[in-house]
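Examining the three-dimensional arrangement
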Amino acid sequence: MQSLTSNEVAGLAVGALLLGATIAAPKVDAFIAASQRRSLGMCRKCGDLKSVACGRCKGTGTIKSGGFFGFSDSSNARSVACDNCRAKGCFPCPECSKS
Ligand SMILES: [Zn+2]
Ligand SMILES: [Zn+2]
């Protein structure tokens, strides 16, 4: 068996990590993405996009209203402007907007 160079070992480790991230829950994937961003010197929160998606409307700027828990029939459902982000769908990144 050939001995592995440190580069090959590192490559295998990254490959295993990525494979694990693919299989594992998106939470783990997000965690790895965050650590990659940090190591790249990018903003950990937004990845240098300078904005973060609104969690309430999922970045669309509008939320469905009417019915219970979103399970409404289409005749009842209506889209209203998200009052969490003022219909913008995103916020300025709190990390990046720090001066
Ligand atoms: Zn919103
Ligand atoms: Zn940021």
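Up top is the structure these notes are about.
Our subject in this report is the structure included herewith. This one's a predicted model, so the numbers in the text were calculated from it and none came from an experiment.

Calculation rules
- Each residue is numbered by its place in its chain's sequence as written, counting from 1.
- Written order decides the labels, with chains lettered from A and ligands numbered from 1.
- For a predicted model such as this one, the threshold for reporting local features is a pLDDT of at least 70, and the threshold for listing and counting side-chain atom pairs is 80 or more; totals across whole chains, interfaces and linings nevertheless cover every residue.
- Secondary structure counts use DSSP, requiring at least four H or I residues in a row for a helix and at least two E residues in a row for a strand, with both numbered from the N terminus.
- Around each residue's C-beta, the other C-beta atoms within 10 Å are counted; 20 or more make the residue buried, 12 or fewer make it exposed, and counts in between make it partly exposed. All C-beta atoms are placed from the backbone.
- Residues are treated as contacting if the C-beta atoms built from their backbones sit within 7 Å of each other.
- Helix span, as expected, comes to 1.5 Å for every residue beyond the first.

**Regarding the overall build of the protein chain**
Helix and strand counts for the protein chain stand at 2 helices and 4 strands. The buried share of the protein chain, taken over its 99 residues, is 4%. Long-range pairs, those at least 24 residues apart, make up 54% of the contacts in the protein chain between residues at least 6 apart in sequence.

**Examining unusual backbone geometry**
Unlike most non-glycine residues, Lys-50 shows phi in positive territory, near 70 degrees. With respect to the helices, strands and loops of the structure, Lys-50 is situated in the loop between α2 (26-39) and β1 (51-53). Under the C-beta neighbour-count criterion, Lys-50 is labelled partly exposed, with 13 such atoms within 10 Å. A positive phi angle, near 55 degrees, is found at Arg-86, a position not held by glycine. The topology assignment puts Arg-86 in the loop between β3 (78-81) and β4 (90-92). Note on Arg-86: 11 C-beta atoms within 10 Å, which makes it exposed.

**Describing the environment of Cys-54**
Looking at where Cys-54 falls in the secondary structure, it is placed in the loop between β1 and β2 (62-65). Residues Cys-54 and Cys-82, spaced 28 residues apart in sequence, show a C-alpha to C-alpha distance of 9.0 Å. For Cys-54, the residues in contact, after removing those within four places along its chain, are Gly-59, Cys-82, Asn-84, Cys-85, Gly-89, Cys-90 and Phe-91.

**Points about α2**
An α-helix turns once every 3.6 residues. As a result, residues three or four positions apart point the same way. Its 14 residues place the ends of α2 20 Å apart at the C-alpha level, agreeing with the 20 Å of an ideal helix rising 1.5 Å per residue. Gly-41, located one to two residues past α2, shows a positive phi value of around 80 degrees.

**A closer look at the environment of Phe-91**
On the secondary structure map, Phe-91 appears in strand β4. For Phe-91, a count of 16 C-beta atoms within 10 Å gives the class partly exposed. With 32 residues separating them along the chain, Phe-91 and Gly-59 place their C-alpha atoms 9.3 Å apart. Residues contacting Phe-91, with those up to four places away along its chain left out, are Ser-51, Val-52, Cys-54 and Cys-85.

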